[in-house]
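# Structural characterization, general
What follows is the residue order along each chain.
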Amino acid sequence: MTDRILIIDFGSQVTQLIARRVRESGVYSEIHPFNKVTAESLAAFAPKGVILSGGPASVTETHTPRADDAVFALGVPVLGICYGQQTMCAQLGGKVEAGDHREFGRAYLDVVEDCALFHGVWAKGGREQVWMSHGDRVTALPPGFRVVGLSEGAPFAAIADDRRHFYGVQFHPEVVHTPHGAKLLENFTHHVAGCRGDWTMHAFKGQAIEAVRRQVGKGRVICGLSGGVDSSVVAGLLHEAIGDQLTCVFVDHGLMRLGEADEVVSVFRDRFNIRLVHKDASELFLGKLAGKTDPEEKRKIIGATFIDVFEEEAQKVGGADFLAQGTLYPDVIESVSFIGGPSVTIKSHHNVGGLPERMNMKLVEPLRELFKDEVRALGRELGLPETMVGRHPFPGPGLAIRIPGQEITRDKLDILRRADAIYLEEIRNAGLYDAIWQAFAVLLPVRTVGVMGDSRSYDYACALRAVTSTDGMTADFYPFPHEFLGRVANRIINEVKGINRVTYDITSKPPGTIEWE
């Protein structure tokens with residue numbers, strides 16, 4: 001069985017980063033909320049090591065989150081991070097107090113002793129940059145622990161119990177602001193916990209194919225194909241696993257970017273020879289969107305119409321037992337609230353919402369253990385084209401929410417498609433596509449006066465948007481050189497009839513959002 005690390009979540013906003021760092025070192029990890037971890041669940045999961053995350057609560061208060069005592073009796077290494085360190089110390093006989101000197105942001109840790117956690121990374125006598133976010137601090141160590149690192153605001157910033165292989169750090173090694181943090185986590189997983197580091201996308205692909213075959217047997221599967229990364233990888237994986245038992249249904253709502261519908265059909269029907277139903281429902285969607293300008297109303301119409309069309313096409317195929325969905329790991333992680341209660345964070349826009357209940361099908365979700373970057377890696381293992389695997393995020397409602405405050409018409413969609421295609425082409429030509437999280441054009445609900453040739457024009461204004469991000473939760477605008485923006489604007493105005501002005505959106509998230517609607 002693949003080596004596993006269990007991450008117990010106490011509500012930190014960066015808990016997912018711990019899992020990502022562990023997986024990046026070739027070790028499989030899962031996040032479980034603290035109040036779902038029991039002696040029985042620990043035995044069933046059989047981790048090689050346990051990591052206790054940070055969190056917003058204070059150990060000094062009553063009724064705040066604690067790790068199950070079985071964690072410390074399991075006989076495997078434990079690493080406590082920030083709140084995780086504090087609750088470990090409090091539960092094992094140490095003491096935690098509210099600190100007079102709080103530390104938030106960059107800090108420096110003095111390495112006062114060597115330990116297995118620092119092996120080959122930090123040496124005794126060194127001074128290392130770390131990232132802190134705490135008010136409370138450990139003030140007395142439990143029996144068996146020794147201090148191995150300290151900072152100005154934390155006299156026990158790094159501690160070690162060498163016999164039991166328990167370690168605690170007040171700082172956050174999972175964030176990039178702790179430069180050697182990933183290596184420290186790798187020391188814990190590989191050097192201390194003894195994980196082999198053999199969890200790869202190639203290995204996962206084989207395991208996932210076998211799991212699909214066991215689940216589906218001789219049954220038939222319907223997959224809703226959108227052309228996005230997630231559904232494309234699901235389709236590719238299922239086809240490799242069960243061949244002609246899979247039928248993909250591509251509902252073309254007419255709201256995709258230039259050439260994308262043709263690419264979906266070409267890749268899956270022609271190149272991979274997958275059974276594909278291509279339903280061009282653009283007239284139906286545009287008819288239902290006629291006269292609608294409210295963004296939420298647009299989204300609801302598009303979502304409901306998609307379900308109706310998909311269900312109708314699936315019934316025509318007939319006889320399917322399973323519905324495949326591109327659910328990812330962040331969609332199913334149970335988050336921990338500030339008061340300690342779990343709340344499931346399923347994002348309905350990632351799934352074919354409502355269909356499993358209506359169609360009485362069992363779900364196949366082969367990507368539910370993966371993060372987005374891992375899905376892209378799996379897509380490459382499956383041989384999907386880079387244009388599909390590396391595609392920027394694209395909203396389910398498509399271009400309908402990039403024509404804000406306006407009725408959606410075929411003419412406006414055509415104008416926006418051409419402008420967007422020019423923009424993305426110039427980004428690719430400049431070698432910048434992979435450095436940007438998301439880039440797109442927006443057709444604004446504004447007509448502006450222009451001078452084109454010897455006459456005046458009165459056409460649409462277009463906004464360009466490009467952001468950098470790691471997870472889409474926060475984002476900053478991409479700092480294009482003015483020369484680049486000028487070239488793109490010149491091409492759009494000259495080549496796209498209907499646009500005579502181009503602007504660039506330099507709003508970060510927050511306070512703005514990535515999309516305009």
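Residues numbered from 1 in each chain as written. Predicted model: local features only at pLDDT ≥ 70, side-chain atom pairs only at ≥ 80, totals over all residues. Heavy atoms only, no water.

The omega angle of the peptide bond from lysine 509 to proline 510 is -15°, so this bond is cis rather than trans. If you trace the backbone, proline 510 turns up in the segment after strand 20 (499-504). Of note, the amide linkage connecting proline 510 to proline 511 takes the cis form, showing an omega dihedral of 10°. Here proline 511 shows up in the segment after strand 20. With a phi angle near 55°, asparagine 273 is a residue other than glycine that sits in the positive phi range. Assignment of secondary structure puts asparagine 273 in the loop between helix 8 (260-271) and strand 12 (275-280). (Helix = DSSP H or I, 4+ residues; strand = E, 2+ residues; numbered from the N terminus.)

Attention now moves to empty space enclosed by the protein. Applying the stated rule across the entire model yields 1 cavity of 30 Å³ or more. Computed from the structure, the largest cavity encloses a volume of approximately 50 Å³. Around the largest cavity, the lining residues are Gly227, Met256, Glu260, Glu263, Val264, Thr387, Met388 and Arg391. For the lining of the largest cavity, the elements supplying multiple residues, two or more each, are helix 8 and helix 14 (386-389). The greatest single-element share of the lining of the largest cavity, amounting to 3 residues, is contributed by helix 8. Per-class residue counts for the lining of the largest cavity are 3 nonpolar, 2 polar and 3 charged. (1 Å grid on protein atoms, 1.4 Å probe; cavity = no way out; pocket = protein on both sides within 12 Å on 5 of 7 lines; lining within 4 Å. Points joined across faces, edges and corners; volume = space filled by probe spheres on them. Nonpolar A, V, L, I, M, F, W, Y, C, P; charged D, E, K, R; others polar.)

This paragraph deals with the pairing of strand 4 (residues 78-81). A two-sided burial pattern is seen for strand 4, the buried positions comprising Val78 and Gly80 on one face and Leu79 and Ile81 on the other. As paired elements, strand 3 (residues 49-52) and strand 4 share 3 bridges and run parallel to each other. From the neighbouring strand, valine 50 faces strand 4, where its bridge partner is valine 78. Looking at chain direction, strand 4 and strand 9 (residues 166-169) are connected through 4 bridges and run parallel. Across the sheet, residue valine 78 finds its bridge partner in strand 9, namely phenylalanine 166. (Buried < 20%, exposed > 50% of the residue type's maximum accessible area, 1.4 Å probe, protein only. Pairing = 2+ DSSP bridges.)

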